[in-house]
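Summary of structural features
Now for the letters of each chain:
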Amino acid sequence: MTKRRISTPSPTSQADLSRRKFLGTSGLALGGLALGPALLAACSSDSSGGDASSGDNELWFDNWTLYIDKPEGELYGKGGTLDSFQNASGQKIKYTEGINDNNEYFAKIQPLLSQDKPIGPDIIALTFWMAGRLTTLGWVEKLPLDKIPNSANLIESLTKPPSDPTGEYSLPWQAGMAGIAYNKSVTGRALNSVDDLFDPAFKGKIGMLLEMRDTIGLIAMSLGIDLATPTFEKFQPAFDKLKEGVDSGQIRQFTGNDYVDDLEQGSFAACIGWSGDVVQLSASNPDIGFSIPESGGTLWFDTMQIPVGASNVEGAAEWMNYVYDPVNAAKITAEVQYISPVQGVQEELRKMGGDAAALADSQLVFPDASTLATLQSWGNLDEEEEALFDAEFAKITGA
Amino acid sequence: MAADTSSDDRGLRKGKWAPYGLLSPGILWLVLFFLVPVMILVRTALSSKASRFANPEFSWQFSNFTSAFTDYGPQFVRSFLFAGIATISAILIGYPLAYWIATQGGRWKNLLIGLVVVPFFTSYLIRTIAWTSLLKDDGVILNVIHAIPFVPQDFRLLATPAGVIGGLTYNFLSFMILPIYVSLEKIDFRLTEAAADLYGTPWQAFKKVVLPLSMPGVFAGSLLVFIPAAGDYLNNRYLGSPKTSMIGTVVQDKFLVQFDYPVAAALSLVLMAIITTMVLIYSKFLGTEGLAV
């Protein structure tokens with residue numbers, strides 16, 4: 001998702017290559033990646049002692065792009081969270097933006113982790129379902145929760161998610177929602193149900209996300225299927241509905257983050273989109289709207305995990321504890337404008353005043369209890385079920 | 001004197017190995033980045049996986065190839081159809097342009113050829129995404145088309161086969177223009193005067209003299225366009241729809257989303273085999289001297 005900058009919408013800010021944009025363009029230059037993941041894993045680490053065996057007590061956090069309060073291109077950003085963490089703890093931190101796509105990153109680390117070799121970073125921030133996969137495969141360390149007392153500040157619904165029922169292997173980084181994005185100048189009205197996406201009036205003008213869990217998730221919820229205990233059999237009607245939409249020409253295309261352009265250009269009347277992008281878009285184009293469908297939206301979140309063989313578990317715990325302090329978390333939220341997993345951030349933002357205070361009132365950053373109640377997160381898919389889901393989804397998207 | 005002779009001897013002896021020495025970077029390159037990967041690909045294509053995230057184990061799993069053939073027929077057909085149409089379109093657009101530059105370019109020739117190449121300084125991905133803005137439903141191009149009588153109101157180019165083929169043609173066009181230009185540039189155009197002296201019309205002169213002499217360029221250009229176009233998936237990703245997916249789409253998804261490395265490898269090998277066969281047949285008809293342009 002693109003960073004939302006409510007106060008300063010500018011054409012260039014939309015051009016920022018964002019975390020989700022990479023989802024869309026994933027695998028572009030990756031044909032070779034699959035063949036030489038280990039090679040690439042080696043390439044992606046900087047030459048500076050990033051290797052797990054480097055011996056010093058540097059902490060290495062590998063994250064998505066534009067996902068912390070630091071200026072693009074700078075190593076830390078003076079006064080930002082990374083900088084102040086180093087000053088407060090004396091713990092040196094190395095922050096990289098090596099994650100472009102969950103599957104791509106998995107392909108990169110899989111050959112090493114499956115042989116019990118360390119991958120380098122001490123913390124990685126994959127999305128909850130991928131975090132669940134790593135947990136199931138036994139490729140992540142148990143978190144030293146006793147050294148992270150601030151985890152008590154976390155929003156309850158994000159602490160023991162279905163992807164990590166004991167809450168011992170992952171902690172949330174930032175969260176967001178998927179719902180319906182629409183262009184009023186094409187639709188002529190606000191949309192608020194998944195059925196609107198299948199309205200024949202919009203034939204050939206509907207977009208869906210390549211992110212299977214968001215697309216199938218929303219459709220399934222509209223059919224009354226709950227996401228907590230997913231099985232392929234139970235979800236078959238959702239796949240059927242999607243396939244019907246593709247076959248009839250109702251659905252035009254499956255996209256990554258590039259739906260933002262299609263929506264703005266009017267090539268899409270409506271699509272499934274991510275809350276964050278749409279706030280930013282609507283700031284410059286009032287025709288763009290976003291709604292959580294009546295039947296509910298999906299809640300996704302990225303997590304912090306410690307891969308097995310990480311050399312600095314202590315430092316990782318120290319970092320997690322630091323960012324779960326509402327004062328520090330608020331600074332990150334003010335910049336990245338996602339749903340923060342930490343309670344008390346809203347109050348801290350109000351205290352900060354200005355743009356940050358305005359953010360405190362945004363429904364998409366701080367959804368109220370009634371909105372939250374309609375959101376659902378995906379439960380864990382076991383290996384075979386997930387393979388079935390992915391294969392069926394691929395068939396429908398043409399792959 | 002004696003010292004001189006012996007150094008000559010050494011020179012001669014060295015000379016025997018010199019061709020191999022000169023070839024070694026190329027051979028090393030081919031072995032490392034072609035032969036070894038292809039061998040790994042063959043091995044992977046004949047492997048099976050104990051579980052989804054396990055590493056593939058070699059097991060003579062020929063069924064990967066049958067599933068490559070049976071499950072993805074439409075994508076294969078589309079790949080070759082789209083790539084074929086894109087190649088022909090590129091010839092139709094590229095040949096006249098190259099011909100004009102070669103014959104009328106004069107002292108601007110190099111500049112004009114430079115202009116052909118300039119768009120390709122931009123990334124392939126960016127160029128393709130730029131097409132989504134050009135062809136958008138209420139964009140300039142579509143508005144002009146909709147102004148034509150009898151064009152249906154829901155006519156569009158994005159998310160259609162035409163969009164994908166257009167993208168393929170555009171993206172690989174310069175690979176067609178450059179070799180054709182090179183072969184046309186070498187032609188002594190006094191030959192067309194000779195043809196005229198022999199009562200040939202300009203059209204006959206072109207058909208019987210210029211076109212045959214420029215065929216090596218057309219041949220090379222066709223290969224350079226067809227081969228990458230057949231394996232492409234990016235144009236379908238941005239300009240196509242689920243109904244226009246090509247084999248590259250499947251390979252990408254199999255590799256990076258479904259982790260089905262064996263079938264993905266089998267698909268890649270089948271694609272390579274079909275392309276190689278087609279190129280051999282094509283060169284049989286057009287002659288391989290084209291490759292020596």
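Values in this document were obtained by computation on a predicted structure and should not be read as measured data.

Brief notes about the overall build of chain A
For chain A, the helix and strand inventory stands at 19 helices and nine strands. Counting across all 399 residues of chain A, residues that qualify as buried make up 54%. The long-range fraction of contacts in chain A, counting pairs at least 24 apart against all pairs at least 6 apart in sequence, stands at 77%.

Considerations on the overall build of chain B
Across its full length, chain B holds twelve helices and two strands. Ordered by position from the N terminus, the helices and strands of chain B form the series α-β-β-α-α-α-α-α-α-α-α-α-α-α. For chain B, whose C-alpha radius of gyration is 25 Å, the value lies well above the compact-globule estimate of 19 Å for 293 residues. The principal-axis extent of the C-alpha atoms belonging to chain B is close to 75 × 60 × 35 Å. Buried residues in chain B amount to 36% of all 293 residues. In chain B, of all internal contacts separated by at least 6 residues, the share reaching a separation of at least 24 is 71%.

Digging into the packing of helix α9 (residues 202–231) of chain B against helix α12 (residues 261–286) of chain B
Residues and elements named next belong to chain B. Remark: α9 packs on α12, axes separated minimally by 11 Å, with the N-to-C direction vectors making an angle of 165 degrees. Taken as axis vectors, α9 and α12 run roughly antiparallel relative to one another. As α9 runs across α12, the sense of the crossing is right-handed. Contacts between α9 and α12 pair Met215, Phe219, Leu223, Ile227, Ala230 and Gly231 from the former with Leu271, Ile275, Val279 and Leu286 from the latter. Here the residues of the contact of α9 with α12 sort into nine nonpolar, one polar and no charged.

Overview of helix α15 (residues 326–336) of chain A
Residues and elements named next belong to chain A. Taken across its eleven residues, α15 has nine buried, putting it largely inside the fold. Looking at α15, one finds that the buried residues are Asn328, Ala329, Ala330, Lys331, Ile332, Thr333, Ala334, Glu335 and Val336. In the core, the buried residues of α15 are packed alongside α5 (81–89), β4 (171–183), α14 (313–323), α16 (345–352) and α17 (354–359). Of the residues one or two after α15, Gln337 is the one with positive phi, at around 60 degrees.

Digging into the environment of Ala229 of chain B
All names here are of chain B. Within the secondary structure, Ala229 is located in helix α9. Since 28 C-beta atoms lie within 10 Å of it, Ala229 is described here as buried. Along the chain, Ala229 and Val38 lie 191 residues apart, while their C-alpha atoms are 20 Å from each other. Apart from residues no more than four positions distant in its own chain, Ala229 is found in contact with Phe82, Ala83, Ala86, Thr87, Leu168 and Phe172.

Let's talk about the nonpolar core
Counting residues in hydrophobic clusters, the biggest one holds 169 residues, and the most contacted among them are Ala270 of chain A together with Leu267 of chain B. In terms of residue count, the dominant contributor to this core is helix α7 (residues 161–185) of chain B (twelve residues). No fewer than three residues from each of domain 1 (12–175 + 300–363) and domain 2 (178–299 + 380–397) of chain A sit in this core. Not counting chain neighbours up to four residues away, the residues in contact with Ala270 of chain A comprise Ile180, Ala181, Tyr182, Thr187, Leu191, Asp196, Leu197, Phe202 and Ile206 of chain A.

So, the environment of Ser268 of chain B
Tracing the backbone shows Ser268 of chain B in helix α12. Ser268 of chain B has contacts with Leu41 and Val251 of chain B, leaving out every residue within four places of it along the chain.

Section: the confidence of the model for chain A
Detailed reading of the predicted coordinates is not advisable wherever pLDDT is low. Residues at a pLDDT of 70 or more form 86% of chain A, whose mean pLDDT is 84. This stretch, residues 1–55 of chain A, has a pLDDT under 50; its non-local contacts, to residues over four places away or in other chains, come to 118 contacts.

Remarks on the interface of chain B and chain A
Counting residues at the interface gives 30 residues for chain B and 32 residues for chain A. When contributions to the side of chain B that touches chain A are tallied by element, the ones reaching two or more residues are α1 (2–45), α5 (124–134) and α11 (247–256) of chain B. The greatest single-element share of the side of chain B that touches chain A, amounting to six residues, is contributed by α11 of chain B.

Side note on helix α6 (residues 102–113) of chain A
All names here are of chain A. With twelve residues, α6 should cover 16 Å at 1.5 Å per step; its first-to-last C-alpha distance of 15 Å lies within 8% of that length. The element α6 is largely enclosed, with a buried count of eleven among its twelve residues. The set of residues buried in α6 consists of Asn102, Asn103, Glu104, Tyr105, Phe106, Ala107, Lys108, Ile109, Gln110, Leu112 and Leu113.

A look at the sheet that holds strand β1 (residues 59–64) of chain A
Residues and elements named next belong to chain A. Strand order in the open sheet made by the three strands is β2-β1-β3, with parallel pairing throughout. Two strands in the sheet have a free side with no partner beyond their single neighbour: β2 (93–99) and β3 (123–124). The pairing of β1 with β2 spans five bridges and is classified as parallel. Counted as the bridge partner of Asp62 is Thr96 from β2.

What about the pairing of β1 of chain A?
All names here are of chain A. Most of β1 sits out of view: six of its six residues are buried. Read from β1 through α5 to β2, the crossover connection turns out right-handed. Pairing of β1 with β3, which is carried by two bridges, proceeds in the parallel orientation. Across the sheet, the residue bridging to Phe61 is Ile123, located in β3.

Looking at the environment of Tyr72 of chain B
Within the secondary structure, Tyr72 of chain B is located in the loop between α2 (63–71) and α3 (73–104). For Tyr72 of chain B and Ile247 of chain B, which are 175 residues apart along the polypeptide, the C-alpha to C-alpha distance reads 7.5 Å.

Observations concerning unusual backbone geometry
Note: most peptide bonds trans; most residues except glycine with negative phi. Even without a glycine there, the phi angle at Asp116 of chain A is positive, about 60 degrees. Inspection of the secondary structure puts Asp116 of chain A in the loop between α6 and β3.

A look at the confidence of the model for chain B
The pLDDT averaged across chain B works out to 90; a share of 93% of its residues lies at or above 70. Per the prediction output, this complex has pTM 0.81; the corresponding ipTM is 0.84.

A short note on the pairing of strand β7 (residues 270–274) of chain A
Residue and element names in this part refer to chain A. Counting buried residues along β7, five of its five residues qualify, which places the element largely inside the surrounding structure. Across the two faces of β7 the burial is the same, with Ala270, Ile272 and Trp274 and Cys271 and Gly273 all buried. Relative to β7, β4 is paired through five bridges, and the arrangement is antiparallel. Looking at β7, one finds that Ala178 is bridged to Trp274. The pairing of strand β5 (residues 206–209) with β7 spans two bridges and is classified as parallel. Bridge pairing in β7 places Ile206 opposite Ala270.

Overview of the packing of α3 of chain B against α7 of chain B
All names here are of chain B. Look at α3 against α7: their axes get within 6 Å of each other, and the N-to-C directions meet at 40 degrees. In terms of their interaxial angle, α3 and α7 are classed as oblique. Relative to α7, the crossing made by α3 is right-handed. Considering only residue class, the contact of α3 with α7 consists of 24 nonpolar, three polar and one charged.

Definitions and limits used
Residues numbered from 1 in each chain as written. Chains lettered and ligands numbered in written order. Predicted model: local features only at pLDDT ≥ 70, side-chain atom pairs only at ≥ 80, totals over all residues. Helix = DSSP H or I, 4+ residues; strand = E, 2+ residues; numbered from the N terminus. Buried ≥ 20, exposed ≤ 12 C-beta atoms within 10 Å, placed from the backbone. Contact = placed C-beta atoms within 7 Å. Rg over C-alpha atoms; globule rule 2.2 N^0.38 Å. Axes fitted to C-alpha atoms, helices over the stretch in contact; angles between N-to-C directions. Parallel < 35°, antiparallel > 145°, perpendicular 65-115°, else oblique. Left-handed = near helix turned anticlockwise from the far one by under 90°. Nonpolar A, V, L, I, M, F, W, Y, C, P; charged D, E, K, R; others polar. Core = buried A, V, L, I, M, F, W, Y, C linked by C-beta atoms within 7 Å. Domains from an automatic or database assignment. pLDDT = per-residue confidence, 0-100. Expected span 1.5 Å × (residues − 1). Pairing = 2+ DSSP bridges. Right-handed = clockwise from strand over helix to strand, strands pointing away.

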